[in-house]
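Structural characterization, general
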Amino acid sequence: MKKKLHITVICYICILFFSLSGCASVTNAKANASFNNNFEQNKLESGVLAENTNFSLNWDSKFNRIFFVEKNTGIIWSNLPDELFETRYDEEGDEITNNPSLEAPFVMEYYDDSLMKSKKANAYTQSAKIDNYSAKKIDNGVEITYYFKRLKISVPVKFVLLDECFSVSVDSSKITENENKVRTITLMPFLCSVKNKENGYLFVPSGGGALIVAKDENEVSKYYSSSVYGDDLQRYPKDRLKTSNTEKIKLPVFGAADTDGKGTLGIISSGAESANIYVDYGNQVFGYSTVAVEFVIRDYQNATANVNSGKWETQVYIDNPINSILSVDYYPLYGDTNNYVSMANIYRKYLTDTYGLSSTNNESLLNINFLGGENIDKNFLGVPYKEMYCTTSVLAAQKITEELSERSSSVKVNLMGYGDAGLQVGKIAGGYSVNKKMGTSKDVRKFFGWAKTNGIDLFMGFDIASFSKSGEGLSTFLSRDVALGVNFRATQQFDYHVGNKAVREDSFSYYLVKRSLVPDIVENVISKAESLDIGGISLDLVANSVYSDYREQQYYGSGNFAKDIDTAIKKIKKHDKNVLVLSANDYAASNANCIYEAPVNSDKSSLFSYDIPFYSIVFKGYVPMTTTSLNLAVDKDLYLHCAETGSGLLYSIANNYNEKLRGTTPDVFYATEFEDQKDIIIKEIEEYEQYFERIKNAKIVDYEVLENGLRKTEFDSRIVVYVNFTDSDINSSYGDIPAKTFRYFEKE
């Protein structure tokens, strides 16, 4: 019976992988080399592996343990917490053995290729502890290959000393395997950890940012895990629905600050698209809570087979792994730098060095998203059909901008949904055109010319990744120009609800474009922008999401997505076009001229103690930002978050509302009609303007969550703002701060 079940399941999996797979061309992926049973052990002697003026990278041959030392203080950073570093003895004089999970340089999840069942392996107990490793010196460090002899897997890990940090990396293409396949690798799982019950904290970059204060201890761990940049869009929508959060991780950074004055900041410097950030909290067996990075070497698709009148669920993995360098840079924190503001400062410097982030002097008080058009239901002689309904023409958008610009000293405008299908997905990049229902080429040139003359930054949105119709040289037929998922088939995409971000399975479907075509699409967008005198281009999906394309191995696991979009943005700017990005990940935010819908909340996990505006601390004063649209806000405290972060005010506006817009996808039209919102917009601008002018273009230099519940932000313009999110008045050093308000003062 069991044998019959096993054969049935294997047959189903084969059908799942190969049915219809011939409909699209796929480049053969390179398999990793096979495990060599006759590996050579090359051991290291204890001592310094590399050093510079401030730090050294060291090896302890007794425990086959690597560690990093600040030379002036002697403070140690290692996967093993430093208080466990020295040999300890129990009451009977026997040496105390550390928990092997605390000793592991990495933990690996693998699966048996025939059974499809995953298990975990500890690199300390199954490799390093029993001397199954080989080391070789490299520039400023060492490469250690860990051999899992029983599993027939080897994993090479590089440990390299850099100027201000040390790097730990794995080249996934150099992993060797046989019948067991590597699924994930978690590097240095306890390097960013804090002691339980002592009020140190873990920093998690969920949305705007969150802290987990390690004040508890539990019999078992409590876990949190979330994909960096959100789930790969190529996962089936139902799978994404199960794991979707209201806020994604947009910054590949994490950290820990303990109460002993020492902490660690981790930055995923390569392979972030294939990474999850996870938290293991409060386990009393370990005595520590930790935040770490899990790299996904092979992705999977959930599958269900009907077997003997029942259902058998499994995960079907891709045969070949991603082909990427997966690396984390660890920065030591100590003394005055052991806090999340310093983490933000270090991470900002990393973005400056990596992407070219630079400061700005172009923040705007008023920011507008004009909604162009939407298909609505019509009926002719009982026959239903769809017709494009213009919610805001180009001329109407200009007229409204002229009116509101008289009320605000600084304005930015984005034209959203003006292509062939309006706010829905049609041809790629909206057909590189303006729908005639919304305006003409002459209207567009006029608006952009007027905006340039009046010092207003104006942008037009182009979706360079989504399409539902063939055209403009692309085709959906037989998935010719469509990106493929793990099963080598096209994955249908769906819209999301604005409020809870859940997938709308009742919405129309569309596809993601083949990754290799994105550069050509960007060139076409630039060409169209130049022909219409468009001075600014806005990007949405590619700025805040990632996706794979299993046509080519370089795109497995969303590989190279950050690099590709960073290149695209720089190409657009090279043609003297400004770039606006929506809810942007770090690679898109760093070179943008403006960020709409910057996150101010986390995904509100039950593990989080409270949110912090880490994202805003990083980018405020460097890239102009807004929160989400105030008139569409589910968060009633959004206006206060604007004050807390010094963000500009954003409003989504439609000029013509129609009752048939209710329930359309995307559902963005409630509370957008200009005549209904105008007085509220003007009132909020007038209330906020005096404060905004004091912190305009200023950077955040300090932030605190005070014990009494107040939030305190200090800007380099010497302005300090206290924000009271509570329902009660709270006293501050500058006097009472009424409930649900903010007050700002000039620092003495």
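Everything here concerns the structure above.
Worth saying up front: this structure is predicted, and the values here are computed from it rather than measured.

When its secondary structure is counted, the chain shows 13 helices and 40 strands. Of all intrachain contacts in the chain linking residues separated by at least 6 positions in sequence, the fraction that spans at least 24 positions is 67%. Each charge sign in the chain was given a centre, from 80 positive and 98 negative side chains, and these centres are 6 Å apart.

Secondary-structure assignment places K514 in the loop between β29 (511–512) and α7 (518–531). Aside from chain neighbours lying at most four places away, what touches K514 is R480, D481, V482, A483, D549 and R551.

Strands sit in the order β7-β8-β9-β10-β22-β17-β16-β13-β14-β33 across an open sheet of 10 strands; the sheet is antiparallel. Each having just a single partner strand, β7 (133–138) and β33 (610–611) make up the two edges of the open sheet. Where strand β14 (residues 210–213) and β33 come together, 2 bridges link them in antiparallel fashion. Pairing of A210 across the sheet is with D611, part of β33. Packing against the sheet, helix α4 (residues 340–355) makes contact with β13 (201–204), β14, β16 (253–257), β17 (262–270) and β22 (325–334), and its axis sits at approximately 25° to β17.

For the rest of this paragraph, the subject is the pairing of β16. Within β16, 5 of the 5 residues are buried, which leaves the element mostly enclosed by the surrounding structure. Taking every second residue as pointing to the same face, both faces of β16 are buried, with V253, G255 and A257 on one and F254 and A256 on the other. Where β16 lies against β17, 5 bridges are found, and the strand directions are antiparallel. Note that in β17 the partner of F254 across the bridge is G266. Between β16 and β17, which pair antiparallel one after the other, the connecting turn spans 4 residues, and G261 there sits at a positive phi close to 85°.

With that settled, consider the nonpolar core. Judged by nonpolar contacts, the single largest core of 198 residues is most densely connected at M108 and F619. Once residues lying within four places of it in the same chain are set aside, the contact partners of F619 are L251, L351, L357, A589, S590, I595 and M625. Residues F67, L102, F190 and Y288 belong to the second largest nonpolar core, which totals 10 residues.

Procedures and definitions
Residues numbered from 1 in each chain as written. Predicted model: local features only at pLDDT ≥ 70, side-chain atom pairs only at ≥ 80, totals over all residues. Heavy atoms only, no water. Helix = DSSP H or I, 4+ residues; strand = E, 2+ residues; numbered from the N terminus. Contact = heavy atoms within 4.5 Å. Lys, Arg positive; Asp, Glu negative; His and termini not counted. Charge placed at Lys NZ, Arg CZ, Asp CG, Glu CD. Pairing = 2+ DSSP bridges. Axes fitted to C-alpha atoms, helices over the stretch in contact; angles between N-to-C directions. Buried < 20%, exposed > 50% of the residue type's maximum accessible area, 1.4 Å probe, protein only. Core = buried A, V, L, I, M, F, W, Y, C linked by side-chain atoms within 4.5 Å.

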